[in-house]
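Reading the structure
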Amino acid sequence: MAKAVITAPFSAEFFGGREDHLVDAPTIFALIRGLDLAAPGFAQAAEERAAIAVNGVAVADWTTRLESGDEVLFVQRIAGG
Amino acid sequence: MNAPVTPKAFKVVGTRPVRPDGVDKVTGKAIYGPDFVAPGMIHGAILRSPHAHAKILSINTKKAEALAGVKAVITSADFPGQESKVLAGGETSSNQRDIAQICMADGKVLYAGHAVAAVAATSEAIARAAVALIEVTYEVLPHVIEVEEAIAPGAPLLHADMYTKGVEPASDQPSNAAMCFTLARGDADAALARAAITVTGRYKTPPVHQGYIEPHACVASWNADGQGQMWVSSQGAFDIRNTTAAVLHMPIADLRVMPLEIGGGFGGKTTIYLEPVAMLLSRKAGRPVRIAMNRQEVFCGTGPAPGSVADVTLGSDADGNFVGLKVEFWSQAGAFPGSGVHSGVMTALGAYTVANAHVRGWDVVSNIPATKAYRAPGAPQIAFALESAIDDLAVKLGMDAIDLRLKNAVRPGDPGPMRLPHGAIGYVECLEAAKAHPHWSAPLGANQGRGVAGAFWGNYGGPSTAAVSLSSDGSVQVTTGNPDIGGSRASMAIMAAETLDVPYESVRVAIADTASIGYSMLTGGSRVTFATGKAVVEAAQNVRETLVSRAASLFGVDTAEVEWHGGAAHCLSGERKGESLSIGAIAAKAGQFSGTITSEVSINPLDYLPGFAVHICDSEVDPETGHVRIVRYTAVQDVGRAIHLDYVEGQLQGGAVQGIGWALNEAYVFDAEGRMENPGFLDYRMPVASDLPMIDTVLVEVPNPAHPYGVKGVGEAPIVPPLAAVANSVRHATGIRMRELPLSPDKVYAALRAAD
Amino acid sequence: MSKIAVTTSINGDPAEFLCDAGETLLDALRVTMGLTGAKEGCGSGDCGACTVMMDGEMVCSCLVLAPEAEGKSIATIEGVAEGSVLHPVQRKFLEHGALQCGFCTPGFIVAAKALIEKNPDPSESEIRYWLAGNLCRCTGYDKIVRAVADAAAEMRQDQNSQRTAA
Ligand code: FES
Ligand code: FES
């Protein structure tokens, strides 16, 4: 089981404010697919607006393997100039 | 691929070689956006709205079309229909429909200067004359400029279908507040109620322009078969291509964008304004079309940075430990949403540990040009408020302003604003360097004051492609897709030369067009030396590995028996032990192997680290006139590791001076009709050489372990501290806390008189 | 409207061009003559990117009418180097990293060269005031001021050694 931590604004938009979700998923792809089943539209929002970190390290590649106990954090992607 | 903790001596990294594109730029040969000429091209001009907010009832282009020499006229009716669709482009996504409507108003104009129609003609004079013949009937609507008015009940609405995102419960009333974003931890209200000392205030900053000296220009050629080309200076040819293709519903590969030299961008050249207009005119006219803006069009038609209003309350215990922080701010996004609210919120939580915080930002539209990123977008405005409040707190505590910051500064392992723990950051090192700098303890003269301010900026990584190829003589070609806006060709050459252990001069760097290399995200987010640099180093490492393996074959030994240094392979064993083969000798033998040695690398690194800066400013306030003069300035920054010292220092100096302009003089001024009153460099006053002292720099190097040479982005952080550093110095000189920028002589004079 | 024929000299070479009465010298140089080294940053005399010399005087070519060039001698950034040998000001700009985007650079170099010719030993504040009509948004001016001071110092030394040699 990996732990997904969904922060604002995604938590409010898709999960009624709930942040922590345990999902059985071998990759970030699978994890997001699982979350999208529970909250349709989340996958698209994640693709467009989220930054993702596994155990505190930002990752871009959704094929990244997840181990049991990994914490996958979803936060708002931030702008630069 | 980790940066060594104790750096080995570098040969080229950290030096100051002449940039490869230098001679072209000091002799006037370099071709910038407005310099490009295509054979047979004709000239475009744009009609812009005189009204800040109006419905377009009709547009009559007949007279313009009838003018001799006019080849094409377009309005929004010539644009394909746009759906509301998020485009992944820069670090944030933008809405395709909004971008199209910034290029050409559709149904409504939302700011004075909004494009309404365009003409292409055989000369620029005819095009401008034709524009004047276009008849537009407007129904003028009430307009709104300031954010406080835009969110007041009954304010004129810019977009009837806009509902505030991110509020609970969801709003059922349309609003000018596009979005709200909150980060919260602990209980800020309770902590502030218990705090031994609190400071509070409302801070305001006006919209300011990026102020690049090169106005926007573009040449486009779009053929009947659907394929097109554009020659344009921008911060990223690939994103310009993708966005233009999306707006015009073209297959992306049908559009090729040739990057020209760019005369400054600072975030303002990350989007499109003229490009689809020139494309549509070109297709209609059957000729290449050039459109160039004048300075007034740049001010009124392209993105300034948002203005802001921010309420800050900061509390500490009696020893100065921050216990609670509350920030609420409203960002003046302009005609369309998307004004760096997220990074503003992050800025409030980036540099200090505070257990209880509530930070909320609102993205508010109003009838000024759609704002655009400006160097650390969203951050300077919030840092102005926060770092001023910290200064007030230091005064109340009777504590040294740097010591107070040191006490609360984030350290590696502390949670970052988005909860990710901070990596190898160097804020403490910056504060210590500032404190140790002779500037901090130098005596001050009469009417002078000293201010300090710190900064956090997130930086970025993202997708980059780079190629390294060897010529048959062993000289090295590096190719990237990132426009060189401040010396990045030199940094890329340095990193390739260091990796291959060859002389800097044997490496040449080209910026490829969009058909000639894979995608790179734009030049922005302080990302190029980090991300594109990482791609260059990886490609150079691949080349070096190939060189070693080919040398091993030529020596007849195992690759483990070949050592690479000094730009040559050295044989460590066997018959040819002690012999060496130079890079050129190996490259010349490509025919005996699988071909030329080339490596193209595409990566998407996100292991960047944030930048931290501390600026010290001395100013002198003229008690008779209220004029503020900067007399000494020092910029300290954690740069990870400086690749080219001059261009790193230059980023710190340039960012500091832009921030000084923001603090002292720059502001959009609107008249009662909502028109900008100062759309020229005479009345929109940017700093000139005689306004300034030397800008001293201190490069603190806490390497980023995720970059082969330790690079952290450096371009944006230096614009974050100056607003507060200047205001804090004025507070020190006068005892007056000024919370509204710019600190222009009239405002300072009025404050001095009020305090008398 | 008929065009005006202008006979002038540009960077020491005789030149002729046709222009409209209201055309700027900057447009004549950039568009008609193809000399795009001088830039237009504002078109109103406020940025100095278009700086050229006219009969030895520094002018904003966006404020000069093209017909005014009649009989005058014009010097632009394209004529600052002697053949392919860079002028000391150009070399010092490169050595000091005094340009980032480089768009303001032609104007600064023409102006700095004019300063040193008038005042071979300018102080920091003389350099800053002389260059106050040239905007640079990238560099914060620090390295530009250093490059100009260094170029002046080198040119003084060259002159001295020439004098001693003579
Ligand atoms: S273009 Fe002539 S001064 Fe700016
Ligand atoms: S180097 Fe860019 S404006 Fe001066």
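Everything discussed here concerns the structure shown above.
Residues numbered from 1 in each chain as written. Chains lettered and ligands numbered in written order. Predicted model: local features only at pLDDT ≥ 70, side-chain atom pairs only at ≥ 80, totals over all residues. Heavy atoms only, no water.

A closer look at the overall build of chain B
- Counting its secondary structure elements, chain B contains 20 helices and 30 strands.
- Along the longest, intermediate and shortest principal axes, the C-alpha atoms of chain B span 90 × 75 × 50 Å.
- A burial count over chain B gives 65% of its 756 residues as buried.
- The long-range fraction of contacts in chain B, counting pairs at least 24 apart against all pairs at least 6 apart in sequence, stands at 79%.
- As presented, chain B carries roughly 24900 Å² of accessible surface, and 51% of it is formed by carbon and sulfur atoms.
- Here chain B holds 59 positive side-chain charges and 74 negative ones, and the gap between their average locations is 2 Å. (Helix = DSSP H or I, 4+ residues; strand = E, 2+ residues; numbered from the N terminus. Buried < 20%, exposed > 50% of the residue type's maximum accessible area, 1.4 Å probe, protein only. Contact = heavy atoms within 4.5 Å. Areas by Shrake-Rupley, 256 points an atom, 1.4 Å probe, with all protein chains shown as cover. Lys, Arg positive; Asp, Glu negative; His and termini not counted. Charge placed at Lys NZ, Arg CZ, Asp CG, Glu CD.)

Re the nonpolar core
- Within the largest apolar cluster, 211 residues are counted, with the highest numbers of intra-cluster contacts made by Val-277, Leu-281, Leu-325 and Leu-743 of chain B together with Phe-93, Tyr-141 and Val-148 of chain C.
- A per-element tally of this core places helix H11 (residues 379–397) of chain B first, with eleven residues.
- The next biggest cluster of nonpolar side chains, apart from the first, holds 50 residues, and it includes Val-468, Val-478, Val-557 and Ile-586 of chain B. (Core = buried A, V, L, I, M, F, W, Y, C linked by side-chain atoms within 4.5 Å.)

Re the interface of chain B and chain A
- Taken together, the contacts link 28 residues of chain B with 21 residues of chain A.
- Interface of chain B and chain A: buried area, both sides summed, is about 2000 Å²; carbon and sulfur atoms make up 64% of it.
- Across the contact surface, chain B and chain A share one salt bridge.
- A total of three residues in the side of chain B that touches chain A trace back to one element, the largest contributor, which is helix H10 (residues 341–350) of chain B. (Buried area = accessible area lost by both parts, 1.4 Å probe. Salt bridge = Lys/Arg side-chain N within 4 Å of Asp/Glu carboxyl O.)

So, the pairing of strand S24 (residues 562–565) of chain B
All names here are of chain B.
- By the alternation rule, side chains of S24 split into Val-562 and Trp-564, which are all buried, and Glu-563 and His-565, of which none is buried.
- In this sheet, strand S25 (residues 568–571) lies alongside S24 in antiparallel orientation, the contact comprising four bridges. Note on S25: the bridge partner recorded for Val-562 is Cys-571.
- Hairpin remark: S24 followed by S25, antiparallel, with two residues in the connecting loop; positive phi at Gly-566, about 60 degrees. (Pairing = 2+ DSSP bridges.)

Side note on the pairing of strand S21 (residues 464–470) of chain B
Residue and element names in this part refer to chain B.
- The element S21 is largely enclosed, with a buried count of seven among its seven residues.
- As defined by bridge partners, S21 adjoins strand S27 (residues 598–603) across six bridges and the pair is classed as antiparallel. Paired with Val-468 across the two strands is Ser-599, which belongs to S27.
- Here S21 hands over to strand S22 (residues 476–480) after five residues, with Gly-474 in that stretch at a positive phi of 90 degrees.

Some words on the packing of H11 of chain B against helix H19 (residues 722–734) of chain B
Residues and elements named next belong to chain B.
- Relative to each other, H11 and H19 sit at 35 degrees, their axes nearing to 8 Å. Like other packed secondary-structure pairs, H11 and H19 cross with a definite hand, here right-handed. Residues Pro-380, Gln-381, Ala-383, Phe-384, Glu-387, Ser-388, Asp-391 and Val-395 of H11 pack against Leu-723, Ala-724, Ala-727, Asn-728 and Arg-731 of H19.
- Residue composition of the contact of H11 with H19, grouped by class: seven nonpolar, three polar and three charged. (Axes fitted to C-alpha atoms, helices over the stretch in contact; angles between N-to-C directions. Left-handed = near helix turned anticlockwise from the far one by under 90°. Nonpolar A, V, L, I, M, F, W, Y, C, P; charged D, E, K, R; others polar.)

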